[in-house]
Amino acid sequence: MTTAPVDDIALAAAAFLTADTPRNAVVRFRTVSALDQPRDRITRATLHATAHGVYEASLDGEPVTESVLNPGWTSYEWRLAYQTFDVRGQLAAGSGSELRLELLLADGWYRGDLGFARANANYGDEISVAAALTIEYADGSQQTIATGPEWTAEDSGIRSSLYNGQTIDARGAAGPLEARVTDIDRRTLFPQSAPLVMRQETLKPMSVQLSPSGSVLVDFGQNLVGWVRCTVQGESGHEVTLRHAEVLEDGELGTRPLRGAAATDVFVLSGGLDTFEPTLTFHGFRYVEVSGWPGDIDLDSFEAVVVHSEMKRIGTFECSEPLVNQLIHNSVWGQKGNFLSVPTDCPQRDERLGWTGDIAAYAASAAFQFDSADFLDGWLRDLFVETEHADGGIVPLTVPDVLKYANFPDGFSLPWHRATAVWGDAAVWVPQALWHAYGDRERLAAHYPAMVLHLGSAERDVSASGLWDLGNQLGDWLDPDAPPEDPAAAKADPSVVATACLYRSASFAAEAATILGADEDAARWRRLAETTRAAFNQHYVDGGIVLSDCATVYALAIVFGLLDDPDLARAGDRLAELVRAADYRVTTGFAGTPFVTWALSETGHVDDAYALLLERECPSWLYPITMGATTIWERWDSMLPDGTVNAGEMTSFNHYALGAVADWVYQVVGGVRPAEPGYSRVRIQPVPGPGITWARTRLETPRGVVSCEWELVDGEFTIHSSLPDGVEGDLVLPDGSAVRTIDGETRWRCDLR
Ligand code: RAM
């Protein structure tokens, strides 16, 4: 029996079914089929399914998978993932000679609201679903039950929207519909390779309180992404409404930051005991306002279900400073909330888009915290097809690029048709982070073509001077000194930022091309890197002072390797001066923040780097923690010191980009660094600094577990590290003594007095 083609044949047998429904209406398609043979003769049973929209499949009333929101969000025009579920056990455990296969179909990302600034972009008006169940019996015979014209359809009575929430009427379906066969471009189908979106954990509410206006507010104690499951009994037809928000403002549910997203679930009771779980939407929230609850609220009736793409936690860090531990907790929760099918900017408001700049900034931190290899690989494949099909081969600002369909009212526009530094550099920096973390050459090869496109498009905006100073830039986005309504108005000169980014990207593309044996390419990117570096120094650097003289430009120039001594040392000193002059408040935006602590510690200003990390006054990494944050905020001051919410249009409380300092915490405070891609050689190099007296870091690398624990007591530094079998490393002690080759368990001490 041939196995590989069976999957494709099975899907080929399935028709795409649709029904004419208004947006938000959820359709249930159904078939009841006689099984060819008794259930105990089934040796294999596989369900393949996918949709334009999101679907849920069930057999005899039981879901076929724990995963939710399938098929997830990809660049549907070119890539639509189909899922494969092994349902043999489920069929065998059932009874009867008939089988009921049902498919719920909702708008999801395909037809639902998507976008921002009052644009509603989506992929089309028609949603559809296809599924094929292939059953094999002990005698070798095969039966296929696939979507086709004989299926029935009904209005499930459920209404759902990712942004706005879900309505579930427990009294049952609202009426018959006509199932209609349609089709999609089947060349877009591919087997799912990225991890599925799963329920990951549940949280019980911490407390319930009455707001000043009398609303009932349930607090889950953690800003999270998913939904609330609740069990309730009341009169038939009675409605319970849940509204979600991340924060309270003046003691009331703070929904303003959600902008156009209603984030409201409505449950209509059956009269019996009902359990509601709105699985065709998701919300970013910590607080839920409950109205219409019959009788007294019992917190046991509620649980928050945390939902994100399946990924394994691989990196942990703990140190003597509880606020830093909370910062790391917040970064981890930021990744959970925003790694839901697509790496998003935020999970709560009318946006939730795969902004490329956000993950460009955050990829290194993400790759340490969770095994992000498959998740980001899937997304990078979307990035490539989008870029390949975009005018001029320009990396879009969001992937999947739904914004190309957005019709912004009020003349709102984005720099569509030009390459954009940091955002476009995601095509290089995300693969670069994956390469360092996991060392997978095949993946690097798969990601390389998008690097070529990005650099090609950026080169077109390089002027005769050799600087990337033409086109459009978002620059050091969300510089804390920029006015709330103009987040691109940063201190850093946007061309300095762009030219530095071009140098970093060209340098890594050269490295990647060399690894992949593409020598001509490597030479091309090396030349580009060299001319860019020369132009940067000629036009932007004067005696170590970099044009626009702010922390971000020094951070980029130093960390990306644009400077030579003595300019390098002077730039490091100038950066330290600026950081001190700002009283250790953060002064960088998206571009500079991931690198500013690195730039300080690499130029001999470790104490300043620690002071910057440990600062608590706004703006700083720890300020939000003093305000009770449980995730990373979009703005340093998403909540102002007086507890009011920042008036800016963009005020998310779950935006991971500024959490990118986590990478420095793991590598420099924690001391676990890859000396070779994928940790095939490890560098153990913690650099202690004032304010932290011990740290414990552990990482499951592709080669095994690496750990490093250090402690500083009365000037005596002790370290205990552990490397996997067969892996060597370099131990670099903070006293400046010689580098030592290590393997296995190592304990060392040195005097730092
Ligand atoms: C905002 C997003 C995102 C950023 C873009 C430029 O709308 O939230 O974080 O990348 O703008």
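Conventions and cut-offs
- Residues numbered from 1 in each chain as written.
- Predicted model: local features only at pLDDT ≥ 70, side-chain atom pairs only at ≥ 80, totals over all residues.
- Heavy atoms only, no water.
- Helix = DSSP H or I, 4+ residues; strand = E, 2+ residues; numbered from the N terminus.
- Polar contact = N/O pair within 3.5 Å; in protein donor to acceptor, adjacent residues only side chain to side chain.
- Contact = heavy atoms within 4.5 Å.
- Pairing = 2+ DSSP bridges.
- Axes fitted to C-alpha atoms, helices over the stretch in contact; angles between N-to-C directions.
- Near = heavy atom within 4 Å.
- Areas by Shrake-Rupley, 256 points an atom, 1.4 Å probe, with all protein chains shown as cover.
- Nonpolar A, V, L, I, M, F, W, Y, C, P; charged D, E, K, R; others polar.
- Phe/Tyr/Trp six-rings, centres within 6.5 Å; stacked < 30°, edge-to-face > 60°.
- Buried < 20%, exposed > 50% of the residue type's maximum accessible area, 1.4 Å probe, protein only.
- pLDDT = per-residue confidence, 0-100.
- 1 Å grid on protein atoms, 1.4 Å probe; cavity = no way out; pocket = protein on both sides within 12 Å on 5 of 7 lines; lining within 4 Å.
- Points joined across faces, edges and corners; volume = space filled by probe spheres on them.
- Salt bridge = Lys/Arg side-chain N within 4 Å of Asp/Glu carboxyl O.
- UniProt positions renumbered as here; feature names shortened; annotations may be inferred.
- Core = buried A, V, L, I, M, F, W, Y, C linked by side-chain atoms within 4.5 Å.

With respect to the side chain of Ser156
As for its position among the elements, Ser156 is in strand β11 (residues 152–161). Of the polar contacts made by the side chain of Ser156, one reaches the backbone oxygen of Val26; its length is 2.6 Å. Once you skip the residues sitting within four places of it in the chain, Ser156 turns out to touch Val26, Val27, Arg28, Leu104, Gly172, Ala173 and Ala174.

Focus: the sheet that holds strand β26 (residues 315–319)
The sheet built from 5 strands is open, its strands ordered β26-β33-β34-β35-β38 with antiparallel pairing. Edge positions in the sheet fall to β26 and β38 (745–751), since each of these pairs with one other strand and no more. Strand after strand, the sheet turns through a mean of 10° between neighbouring axes, direction not considered.

Quick word on the site of the ligand
Close to the ligand lie Asp345, Arg349, Glu351, Trp355, Asp358, Trp423, Leu474, Trp477, Phe590, Glu634, Met650 and His655, which account for all nearby residues. Between the ligand and the protein, one listed contact pairs an oxygen atom with a side-chain N or O atom of Glu634 at 3.4 Å. Here an oxygen atom of the ligand and a side-chain polar atom of His655 are 2.9 Å apart. Here the ligand, which alone exposes 300 Å², has 97% of that area covered by the protein. Grouping the constituent residues of the shell around the ligand by class yields 6 nonpolar, 1 polar and 5 charged.

What about the side chain of Ser495?
When you line up the elements, Ser495 lands in helix α9 (residues 494–515). In contact with Ser495, other than residues within four places in its own chain, are Trp468, Asp469 and Tyr540.

Side note on the packing of aromatic side chains
With the rule as written, the count across this model stands at 27 aromatic pairs. When the ring of Trp73 is compared with that of Trp109, the centres are 6.2 Å apart and the planes differ by 15°; the resulting orientation is stacked. With Trp73 in the loop between β6 (67–68) and β7 (80–86) and Trp109 in helix α3 (residues 108–111), the pair connects residues that are 36 residues apart, well separated along the chain. According to the relative accessible area criterion, Trp109 is buried, its value standing at 3%. Residues Phe267 and Phe276 carry aromatic rings whose centres are separated by 4.6 Å and whose planes lie at 10° to one another, so their mutual orientation is stacked.

Points about the confidence of the model for the chain
Averaged over the chain, the pLDDT score is 96; the fraction of residues at 70 or greater is 98%. Across residues 1–7, where pLDDT falls below 50, the model places 5 contacts with residues more than four positions away in sequence or in other chains.

Let's talk about empty space enclosed by the protein
Counted according to the given criterion, the structure contains 5 cavities of 30 Å³ or more. Taken as a whole, the largest cavity holds about 200 Å³ of empty space. If you trace the largest cavity, you find 23 residues lining it, with Trp73, Thr74, Gln192, Ala194 and Ser341 closest to the centre. If you tally residues by element for the lining of the largest cavity, the top one is helix α6 (residues 373–389), at 4 residues. For the lining of the largest cavity, the class distribution of residues is 13 nonpolar, 8 polar and 2 charged. One number sums up the size of the second largest cavity: a volume of about 90 Å³. Taken together, Leu327, Asn330, Ser620, Trp621, Pro624, Ile625, Thr631, Ile632, Trp633, Arg635, Trp636 and Leu658 form the lining of the second largest cavity. Broken down by secondary-structure element, the contributors of at least two residues to the lining of the second largest cavity are α4 (322–338) and α15 (623–626). Its residues assigned to classes, the lining of the second largest cavity comprises 8 nonpolar, 3 polar and 1 charged.

Things to note about the pattern of salt bridges
Pairs can form between side chains of opposite charge once their charged atoms are near each other. Inspection of the entire model under this criterion finds 50 salt bridges. Of the charged contacts, one joins Glu102 and Arg30 as a salt bridge, the two residues approaching to 2.5 Å between their closest N and O atoms. Of this pair, Glu102 sits in strand β8 (residues 98–106) while Arg30 sits in strand β2 (residues 25–34), placing them 72 residues apart in sequence. Overall, the relative accessible area of 8% leaves Glu102 in the buried class. When its relative accessible area of 25% is taken as the criterion, Arg30 is described as partly exposed. Of the charged contacts in the structure, one is a salt bridge between Glu77 and Lys404, with a shortest N-O distance of 2.9 Å.

Digging into the UniProt feature "domain: Alpha-L-rhamnosidase concanavalin-like" (unreviewed entry) in the chain
Mapped onto the present numbering, the UniProt feature "domain: Alpha-L-rhamnosidase concanavalin-like" (unreviewed entry) falls on residues 212–308. Within residues 212–308, the helical portion is 0% and the strand portion 56%, while the C-alpha atoms at the span's ends are 34 Å from each other.

Here we look at the sheet that holds strand β36 (residues 728–731)
Strand-to-strand pairing in sheets goes through backbone hydrogen bonds, with the strands running parallel or antiparallel. The strand order across the open sheet built from 4 strands is β31-β32-β36-β37, with neighbouring strands paired in mixed fashion. Two strands lie at the open edges of the sheet, namely β31 (672–674) and β37 (740–743), each paired on one side alone. Across the sheet, the mean angle separating the axes of adjacent strands is 35° when strand polarity is ignored. Taken together, the 4 bridges between β36 and β37 define a ladder with antiparallel strand orientation. Looking at the pairing, Leu731 lines up with Arg740 of β37.

Considerations on the nonpolar core
Phe29, Trp109, Ile135 and Trp664 are the most contacted members of the largest nonpolar core, which has 220 residues in total. Sorting elements by how many residues they give to this core places α9 first, with 13 residues. The contacts of Phe29, once residues within four sequence positions are left out, are Leu17, Thr18, Ala19, Leu101, Glu102, Leu103, Leu105, Val129, Trp151, Thr152, Ala153 and Ala179. Leu203, Leu242, Val290 and Trp333 belong to the second-largest nonpolar core, a separate cluster that totals 21 residues.

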